[in-house]
Every structure is written in structure tokens, then in C-alpha cells.
Amino acid sequence: MSLAESLSLRLLLALTTMASGLNIPLEVEQPPTIITYTSGPIIVLHFDTTITVKCKARGNPPPEYRWEKDGQAFVPPNFNRFKANHTKGLLVLQSEDMSKFQGKYRCYASNKLGTAMTNEIEIKAFSIPKFPKETLNPIVVSEGEPITLKCNPPEGVAPRLIYWMTVDLQHIEQDERVSMGTDGNLYFSNAIQNDSRQDYGCFAAFNRIRTIVQKTAMAVVVKRLRPADDSSESSHTPVAPPARIPSLLLPSGVQTEKVLLKGEDLQLECIPEGFPTPSVKWIKMGEVMSPRVKFNNYNKLLSLSAVEESDEGKYMCTAENSVGKAVHYFDVIVEEPPKWLTEPPQSQLTVIGSDVHIKCSVSGKPQPAITWRRNGVMFRDDPDNRMQVFDDTVTLLNAKAEDSGVYQCEASNRHGTILANVNIMIMNMAPLILTENNQEYAVVVGKEITMNCSVFSSPPSSISWTKDENAIEGERFLAFESGQSLRIINAEKGDSGKYTCVASNMEGSSTVTAVLDVKDATKIVSPPQNTQVDSGKLAKLMCETEYDASLQDTFELVWRKDNKEIPLSSDKHSRYSVKGAMLEIMNVNLSDQGRYTCTARTSLDEDSATAVLTVRDVPDAPIKLELSELDSPRNVVLSWIPGSDHNSTVTEFVVEYEENRWEPGRWKELQRVTGNQATAELKLYGNLNYQFRVYAVNAIGPGPPSEPTERHKTPPAAPDRNPENIKIQGHHPHQMEISWEPLSPLERNGPGFEYKVKYRQLGVEDNFTEHMVNRSVFLVNNTPTFVPYEIKILSRNSYGWGPEPKPVTGYSGEDVPTAAPRDIAVEVINTTVLRVSWTPVPPATVRGRLGGYNVHWVRRRSLLNPDKILDLSHSMSFSGNRSHVIVPGLEPFSEYKLTVYVFNKKGNGPKSDPVTFNTPEGVPEQVTVLTSSIIQKDSVRLEWAQPSKSNGILSGYLLQYHLINETALEVIDSKEINITGADTNHWTLQGLNGDSLYRFDLRACTRAGCGPPKAEESRTDFPELDLSQTPAVAPAQSSDGNWRISEAVNASQSFHIIDGLEPKTVYTVRLMAKRLLDNASIFEDVIETRTKDPESLKGSFSTHGWMIGTMCAVALLTLVVVIACFLRKNKGGKYAGTPSPQRQEKLAMEKVKEKEDPHSDTASQKMNDDTFCDYSDSDEKPLKSGSLCSLKGDDAAGDSVSRYTLGDYADGGREFNEDGSFIGEYSGHRHRGSVSEPNGPSLVNV
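Residues numbered from 1 in each chain as written. Predicted model: local features only at pLDDT ≥ 70, side-chain atom pairs only at ≥ 80, totals over all residues. Heavy atoms only, no water.

J.: Tell me about the sheet that holds strand β80 (residues 915–918), residues and numbers included.
T.: Ordered by their spatial adjacency, four strands build an open sheet running β77-β76-β79-β80, and the pairing between neighbours is antiparallel. One side of each edge strand has no neighbouring strand; the edge strands of this open sheet are β77 (872–879) and β80. Across the sheet, the mean angle from the axis of one strand to that of its neighbour is 25 degrees, orientation sign disregarded. Direction of pairing for strand β76 (residues 850–862) relative to β77: antiparallel, over a ladder of eight bridges. Across the sheet, His856 pairs through a bridge with Ser875, a residue of β77. (Pairing = 2+ DSSP bridges. Helix = DSSP H or I, 4+ residues; strand = E, 2+ residues; numbered from the N terminus. Axes fitted to C-alpha atoms, helices over the stretch in contact; angles between N-to-C directions.)

See the structure below:
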């Protein structure tokens, strides 16, 4: 048969359905079914005031409830206080006296289709247990007679425990003669004189209610037996009681029947009386006693737990003494309450016209009687109404719809009752599909899914499934529960789609559709890896996942440690945090070690991966330290058991010691052994009281120390060694100081410790001079200067000397040298370096350890200014014994004087005869300033300042200029000019190409050659009359004589800010054109800055700012007019007859100076070192006193400045030129002028 045929289920069932636990959906009308109720018995204690009895049923229509008590309808006497909920079946009983509610209750749940009922629910109410008040007469017996003290304990809540005690709560001693029965009575087999007392008390304890009650104390009087003659002489002679044949105090009679329920505990008791005290024995007649039998209470009580049918039979107890015996027989019968043979009868759903059989199969002992009810009403056999009762079976013939209802089968015997409610539904009904239509199902690839098609019908329906209107085929598709469930195993993406369930019977058919979506499975693509981490560090575990995007909202990543979920908290003190797919554990410790599992979970599936986190920590302390001696108490072996290494191999063990003589409480390291060794041989000092401990070390660090050992005392002994690190020094020429490293107190090994110092002059004296000292230093006086001595230091104590030491050689004190080097020769290597040579001094004249030689030279004068005496001294020391050195750092073209002397630790010897020499001329340094200005379209004027150091007599300058191809960044043409005359400071180049870029390199020259070049770049073109491109500068001279130059002034503004000045300082401020060498100052004044007072700054700005702004504006405007006139003249305009450019500029400057405003301002700001460059201007003329304010405004320069170097044309790279200025890259923008970066003394052209 094909799968499609198997899924198209044609189930030919019997017309009657025996439904195991018939579960009819509530959408269908049905009689009540009891779901739950309170089972009895219900124990009500004396302090209880409320009882709640539950009864819950299901049905359609919803059932209503009523209650019966002891077979009668129960309506609480006060319905406002005692109420039964008719819709929920809840019975609440409230009263101060709950005993009136004691009885057997039954709940009924009813609707129009029938009535269901519960078993009887018994309520038992217990009052406070108490003994009755009574007056008890003393019990008087003779010796040897039996006694029975009756307890008669009150009833109460089990368990109840009985105790016999005196009034002072001392237990009555029980034995074979005296014992308590299971009924609580105290039995005496025979009385003795000591049994007489007035305070026999019976106590009953009810642990559940924490109550103990006491019976009125009873008195027992035991009369002494008297002899037969009863003479006074024999009245004090003890008389033994007469022997008596045993009889049973409990139980009475000869035979007892004992009936028990199966599973209960059996107790058979025989308490005899007689004299002597009888002993008790037990047998089971005709059978062997069960091994489960136990004997208690001195063999008087036979106990057998959880009796079975095999335990039935006749038991006999025998009480026997020396004069006879007594027996008693027990017939033990084991019975059972009613119980179902297999299971309770089941509810049934059947079609109209069929026969219905209800069978109630029960067992019990005695055999239970069966009672039948319908909807709670008893009925009997009634053949006329198609209802037949055959003992345990009811048959409904040709059942009709009105026969539907709840049938009750109740089976009872003397041990209990069982009840079954059987719902019988007789109906015909077309299929009712209970599953929601178009219900959506989701499953991941590879898992299984079950789609439901819950159907209710009568008779049962045949069910078939299709997918997208096609029959379902394949072994992966399985139908269950008569086709009401379709299971798909190992789901695939292609299984997604619509599934249709069709249910049909003789009454009709119904369909329902289910939608299945097969999603991608959740996977861990990068599982966590086994990790080792050191304690205290950060542990990271990665768990990267993939899951279906549609399950994003339900996705979660859960971390567990050893199968317990890790609590993640946003608390900053939490050590666990999850960042995306990573679990971080901060400050890891040993408790974090374990198996970590990450679970990627969605609403459909999950995937897990596990990794082991191993925490490496310092080792545990060693344990069980043991100390044992070898050949002496000072040579011992310490052994131990290593602790856990916590996943990092122990590399070594460290043995520490503490002694309580010299440094009590201080632990010191004694020895280290390798990590694979658990013993250490220890060499100990004498006369000490030691204790030891050990700690282990691994790669993480040292672990905690072990517990210390017991004290170990060593005997005193002679010192084991002599002092070491002996030093011989001479602080004075005729002294020798001997010092050494003293022995520690531990090393002295005993009392009476001291040192012996022995010394003699090496090679001169045969015998040692000896001294005993207690200190670690000894001073020898009157020694020859710097001669060798042989020295020994010995140690001793009261127990002997140390070993013989090896001698040490040292020298006595030093003195200063007595001789000077001879034959001093100087060889000038170049302008700054010399070679100096000499003849070394004789060793004997050094009078100590030779330290070396010192070369001292004095620069007398510069040959450029021979009349000025300098006398600048310099010196260099050269260690060791040598005869020549190289001396650097001299100045060219100078006169020098040089001497040489020897030195030792004590000091310097006499100087040699001086040698005088001159250094030759050198090449000059770089010129300090080089600026360019455009004279005409093909002419450029260069101006410069002399180098700060000429290093000789200036002979002139070498000027090189290069035509630059801006596109190719290459030099097109180069020329050079030799300019003679040291005083020349400007040069005009004519015949240059118009609108072209040039680079100018200028070098200063002496007879020794030319120095490094100073570079300047300029374009041959005319500047435009654009105020924003008109450059000017504002230099400021501080009181220390150094000038600092600001950035170019923005000519489009009427002010310029000079910041970075020091407070409370005098400055000279000058506004000038670029030709600084001509002192072409437009404005100049002297200011003194104030202290940093915000209020004064504010006041200065508001008071004087307008005045300075006006001055700057007038100066710049005048400068523009001068330049405009100059340009028109060169172009041949109507001013062709004007003076020469030099004269024109001079006149313009004089006019500007006449307009200077003498007003001053005292406010300024701190000068910025990044904006100003220092230069010297010692030749400037004095300027007028005054002050210049710095105003706030736009401090961005209005001109454009280009800084090019020849290196740019070579390789296009960015570098620094020879004067240290930055080399920028060329661009296509056209510049109307250029300014070189100031470096040292600087000129800036306008």
C-alpha cells in the first residue's frame, strides 16, 4: 500500500468507542467530569477555625455544585459565614467550634446532561486532649503480686506517644519485669518493695499539636511479706514471695483474632505475670516465622511491617518460669479494601442504536458489594427500559441519546469504598475540526515537526492529508492518532508549503489547512576553544553563531558553567560580561575553572558547544613538613608533600627559616630546590632556635607558605668562615684603613665573638702584626706612602677559631704626584682639532694609582680682534697612562696657551711648561639674513647680513642663482658671481627672465674657503596693489636685546596683534618695511607690559585700541602710496622725473615718521615663541620711548609666502635645506613676492 493510501485513513471502527480517558473537547456539549477534589480524611485541629474543601469538574454547559453530609443535603447553618460556591465547587466552613462539621461529605457536579459525584470526604475534628480530673486511691499489693497501672490516654491527633515518669520527670525504669503495653498501661509481672512510690505519672504527647498532658499521679504500696509465725524477732527477716505459675496480664483469654489490612503493620503482644518473672517466646504454628519479624519490649512484642497474605496464620506466645507456663493464640487475618482489578471503567462515546456495556471489575477481602447510580441516583435491573444489571456489568440495549449521562459504580466492603464516574455519550455528529485553520508551523532543517488536525465526530472520522493539493509521499511522513497528527521527520526546505487535512464520516466532512515554514538551523560556526588563563587575568571565550534571520527576535546566546547558567548582570561589580559572541570573565580565579557551554537558542532549536577553561594559579602551600637530622643537629633534611600546582608546573620550592634569638618573627630565605624535589638538605648555624616553612613557585608566581615546623635548636660551635670583601684604603698619605664585611650575628655560631687583624709590609717584613678587634674596621698609622701590605682577618668565638684565611694584598695611603709631564708638543690637525703629546711622568712620582692626564688650554685672543684679551679656559681629562691625545672643540683663527698635568685619587700634580700656538682660519658660518626685493621686471635686489662667525678674515661672497622650471621642478640654468669686499651687503641682479622663479644661494668666504649657503627664492614680477597681499612685519625687541619678528601684517586691517609677550617687561616695537638693514622703520615706540590683570587688560583695550589702530592704518596707507608711485615711475608714467628708488623710499619713510603718534598703551599679551624669531640688533639707533598696545583682531597673515629649496627640483620630495628652513612643494598658484623663513637674524622685504 502506498504512503498516500496509508495517510488517507479509512478507519472502520466499531460503532462504540471505548475511549481510554475519553477527552471530549469542551466545544462539544458533555456531562460533568470530576477533575480534582479534596480527598479525606481532613483532620481539623482544635485551633483551626476554617476548612476549605475543593471540588472541581469540567463540562459543557459548565456544571453547578451541591454537597451532601452523611447522606443528607448539606446547607451550612449560616450561609453568610459558611458558603458553598455553586459555580466553582469550593466549600468553605468557618467556626470557632469545628467539631459540628465532623462527618462524611460528598460533592455533586451537575449540568443538563448529567451529574458526577466524588467519593466520601470525611472530616474529623479533634478537641484539646486532656485526662479527666479524678481522685485515685493507692494501689496496695503484696510482694510478688502483679500490678497494672492503667493510663487510659485521651484520643487526639496521631501520632500519640505514651511515657511513664515521676513528678520530677524521671523515666520509670522498665525491664523484663516492668514494661508498658501498646495500650499505654504499665504492667508489673511481680511487685517488689522498691516499687512503692507515690508519683507514678502517665504522660501523653501529641507532637503534631505540640501538646503533652499528664494523668493524676498514682500511688503504689507494696506490703512486705511476713513469716508464718509472725514473731517480733523474725519481723525483720526478709521473706521471699511464693512461686507462682505464669498467666497473661495482656491479652486476656486464650485466643485473639487479629484482622489487618494488607500493608499495615502487625503487632502481637503478650505481657505475663508470675514469680519468678516469666520469659516470653513466639512461634508461628505449622510454619516458619517470617525473617521480617522483629521482637521488642524484652520479647513481649512481635512486630511485622507491611503484612502480606503470606503472613496470615496462627501465632502462639508462651510465658514460662520455673513453676509453669501460659500460652495465648493469635489468629492473624489479612484483608484488603476494594480496588480495581485493572483500571476503573472508562467513559464511552457511541452512536445511537448501539449496545453499551459498562463493566466494573473490582477485588477485595471480603468481596466488595457493587452499587450502581445514574447521575447520582441509584438504579437496579430494568429489562423493560433496556437497562440490564449483571452484578458488576450494566448493559444498555439499543441505546438512545437520552441514555447519555454519568453512571457511577461504587464498590464497598468494611475496609473502604471506591467510586468511578463513567460518562456515557450516545450521539451522531459530523466531524468537528478543533484545530485552528491556517495555523502556522515552523521547523528548522533536519528536525521533525508534528502538525495537528484534532477532530471530534461520532462515529469516528477517516482522515487524509495532502500538500499543495498533491498526495504526500515518502518515508519521512508519518500519521499518528488515527490521522489527527502528521509528523515530518528530518525536515527539508522543500517541505515548506500548505497542508490540508480532510476528516469525514457518515454525517459529513470538514477540512483544515496548515502552513509549514522550514527555516535554517541554528549553528555554532566558531565554538569556544579550550583555554588556559592565569589567575587575576581576563578570560575570553568566543562563540560565533548562525541562525535564520526571521528568528532574530527569539535568538539568545546562553552561557553555562558546569551545567549551571551564568548570571549576567549590568552591575559594574559583576565579573561576567557578554560582548556580542564573546564571554569575558574578569579577574579570573580558581572557582572559574570548569566546563563552559554556550547555547545558541531560538524558539525552534538550539545548538551547543563546550570548552574547558583551565585557570592557572599560584601553587597551594606544601603540607606535612618533617624535619630529620643527618650527621649532626646542624645538618638536617626537611621534607614535605607538595600542594596542588593549579595547572602550572612547580618550578622550585623555597625554604624559609625564622629564629627567635636575633630577629624573632622575621622569615628569611634559606634554600631553593627544583620543583621535582620534595626534600632539602639544610646547613644550619649554631646556637640558634630555628623553625622552617616552605612555599612553591610556578610560572604564575609564589604560592602561600606552609605551616611552620616545630622549633629545632642547634648547639654552639666555632665560626664556619672568616670575613670577606676585605678593603684596604688610604685616606691620608701615612695611614691604611682595613675594613671588611662583618659576619652576621647568625654566622657567629656562639658567644664571645671577635676578629683578629694580621698585617705585614709585603716583601719587607717577615712577621705579622696582630690585633684583636670587635669592629669591622681597623686603622694602621705611620705607614709609608703607597706601599703594598699582606693582610689576614680571622674570626673566633668562645668555641674556637674559624678556618685559616687566604692573605689579601693592599696599599697604604696615596699622596699627590710630584712631577709634571715633559716635552709637550702640539700638532694642529685643522681649525678646531689638536694632537697633544708629552713624555709621561716616572711611576714613582705618581705616589698612588695613576688616574690619567689632564690637558688644559686657554683661548687668549681672536686674531680678528687681537687687542681684546679673552682668556677663556677649557680642559679635558684622559684616563690611564698615555703619551698623546686628540683635543677637539677649538675656535678657528685664535691664539691659545696649553699645559698638561698628571693626577691620581689624591689630586693633581704640577702643570707642565705652557705651549703657545695659533689655530688657522676657517670657512665662515652661514650668512644670518638673505632677502630679495623686485626692482624691475627683470631685476632683483638681494640684501644680506654678515655671518655671526666669520672664522677668519672675510674676503667676499659667492652668489649662485638658478632659474627654476616650476612644472618639471628642475633647474633650467645656473650662474654664479664672486662678490669681493667684506663690507658688501647687497647686490642687484639684472637681465633676469620676467615672470620667472629664481633660487639664490649666497656663501660668505675667507681665504680658507666659502661657508654653507643661505637660500632665498623670488619671482621676477610686479606686485599688485592689493592691500591683502602687501607684506609688512612688526618686530619687537625685548629688554635682553634680542629681536623677535612677527608674521606678516595683514594690510587690509587697521591693527595687528602681537601676543606672547612677558608681563612686566620693556619692549621696543617697530613697524617697518622689508628692508630691515636700511632701518626703514615706519613706526617705532617703547612699551612696558603690565601684570596679568584681566580688568586692566579690558580697560587698556577700550581706552587705547582706537589710537593704535589709527596709527597702523596711517602707516600702511602711506606705504601703499609710496609703492604705487614707485611702480608708475618705472612704467614711464607722468612721474618719470621723480627721484631714484632709493631716494624715493627714504623720503617716504621720513614722511611716515613725521606722522607717528606718541600716545602709548601699557597692555600687552605674552609673546608666542612659535611666531617670533630671535635676532641681534646691537647697531640700531635709539628709539623714542613709549608703548604700543596689542589689539584683538584677525591674526591670519594677509600675504602669501613660498619657501622653496633646490632639493624640490631634484626629486620632488619634502626636506629641509641647508639653513634649516622647510622645503615646500611647488604649486600652480602665482606668487607676487617671496619671503624667506627667518632663522637667527632675519630680514623680511616688503
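J.: Provide a residue-level description of the pairing of strand β64 (residues 689–697), including the pertinent values.
T.: For β64, a buried count of eight out of nine residues is recorded, marking the element as mostly surrounded by other parts of the structure. Examined bridge by bridge, strand β61 (residues 652–659) and β64 share eight bridges and lie antiparallel to one another. Bridge assignment links Val655 to a residue of β64, and that residue is Val694. In terms of strand pairing, β64 meets strand β65 (residues 712–713) through two bridges, oriented antiparallel. Within β65, the residue paired with Tyr690 across the bridge is His712. (Buried < 20%, exposed > 50% of the residue type's maximum accessible area, 1.4 Å probe, protein only.)

J.: If you had to explain the pairing of strand β68 (residues 754–761) to someone new, which residues and values would you point to?
T.: Of all eight residues in β68, six are buried, a share of seventy percent or more. When β68 meets strand β71 (residues 788–797), the two strands line up antiparallel, connected through eight bridges. Bridging from a neighbouring strand, Glu754 pairs with Arg796 of β71. In the sheet, β68 pairs with strand β69 (residues 769–773) via five bridges, with the strands oriented antiparallel. Across the sheet, Tyr759 pairs through a bridge with Thr769, a residue of β69.

J.: Explain unusual backbone geometry to me, and be specific about the residues and the numbers.
T.: With glycine set apart, most residues show a phi of negative sign, and most peptide bonds adopt trans. With an omega of -5 degrees, the peptide bond running from Leu250 to Pro251 counts as cis. Position of Pro251 relative to the elements: it lies in the loop between β21 (244–250) and β22 (255–261). Here the residue pair Phe275 and Pro276 is connected by a cis peptide bond, since its omega of -5 degrees sits within 30 degrees of zero. Relative to the helices and strands, Pro276 resides in the loop between β24 (271–275) and β25 (279–284). The backbone phi angle of Asn398 is positive, close to 50 degrees, even though this residue is not glycine. For Phe786, which is not a glycine, the phi torsion comes out positive at approximately 50 degrees.

J.: Any details on the nonpolar core? Residues and values, ideally.
T.: Ile147, Leu149, Trp164, Leu186, Phe188 and Tyr200 are the most contacted members of the largest nonpolar core, which totals 23 residues. Listing elements by their share of this core, those giving two or more residues are β14 (147–149), β15 (160–165), β17 (186–188), β18 (197–206) and β20 (218–223). Sort the elements by how many residues they give to this core and β18 lands first, with four residues. Not counting chain neighbours up to four residues away, the residues in contact with Ile147 comprise Ile139, Val141, Leu186, Tyr187, Phe188, Ala191, Val220 and Val222. In terms of nonpolar packing, the next biggest core, distinct from the first, is built from 22 residues, Val53, Cys55, Trp67 and Phe74 among them. (Core = buried A, V, L, I, M, F, W, Y, C linked by side-chain atoms within 4.5 Å. Contact = heavy atoms within 4.5 Å.)

J.: How would you summarise the sheet that holds strand β36 (residues 393–396) if you had to cite specific residues and measurements?
T.: The antiparallel open sheet is built from three strands, whose spatial order is β31-β36-β35. Among the strands making up the open sheet, the edge pair consists of β31 (356–359) and β35 (387–390). Pairs of neighbouring strands in the sheet enclose a mean axial angle of 15 degrees, with direction left out of account. Pairing analysis gives four bridges linking β31 to β36, with the strands arranged antiparallel. Directly across from Val356, in β36, lies its bridge partner Leu396.

J.: Let's hear about the environment of Leu746: which residues, and what values?
T.: With respect to the helices and strands, Leu746 occurs in the loop between β67 (735–741) and β68. Here Leu746 is in contact with Tyr657, Glu659, Trp662, Lys668, Tyr685 and Leu688, once residues within four sequence places are set aside.

J.: Tell me what's going on with a nonpolar patch on the surface, and back it up with residues and numbers.
T.: On the surface, a cluster of nonpolar side chains totalling about 200 Å² of accessible area is made up of Leu478, Phe480 and Ile489. Along the polypeptide, Phe480 turns up in strand β45 (residues 477–480). (Patch = residues over 30% accessible without salt bridge, like charges linked within 9 Å, V, L, I, M, F, W, Y side chains within 5 Å. Areas by Shrake-Rupley, 256 points an atom, 1.4 Å probe, with all protein chains shown as cover. Salt bridge = Lys/Arg side-chain N within 4 Å of Asp/Glu carboxyl O.)

J.: How would you explain the pattern of salt bridges if you had to name every residue and give the values?
T.: All told, the structure shown has 56 salt bridges when counted by the stated rule. The shortest N-O distance in the salt bridge between Glu658 and Arg711 comes to 2.9 Å. Linking Glu658 in strand β61 with Arg711 in the loop between β64 and β65, this pair joins segments that are 53 residues apart in sequence. A residue is classified by how much of its surface remains accessible, and Glu658, at 4% relative accessible area, is buried.

J.: I'd love a proper account of the packing of aromatic side chains, names of residues and values included.
T.: Throughout the structure, instances matching the rule amount to 19 aromatic pairs. Taking 5.5 Å as the distance between ring centres and 70 degrees as the angle between the ring planes, the aromatic pair formed by Trp740 and Tyr755 counts as edge-to-face. Taken together, the positions of Trp740 in strand β67 and Tyr755 in strand β68 put the pair 15 residues apart, joining distant regions of the chain. What makes Trp740 buried here is its relative accessible area of 5%. What links up through ring pairs into an aromatic cluster is the set Tyr657, Tyr690 and Phe692. For Arg66, the ring lying beneath its charged end belongs to Tyr108, and the centroid distance is 4.1 Å. For Arg575, the ring lying beneath its charged end belongs to Tyr576, and the centroid distance is 5.5 Å. (Phe/Tyr/Trp six-rings, centres within 6.5 Å; stacked < 30°, edge-to-face > 60°. Lys NZ or Arg CZ within 6 Å of the ring centre and 35° of its normal.)

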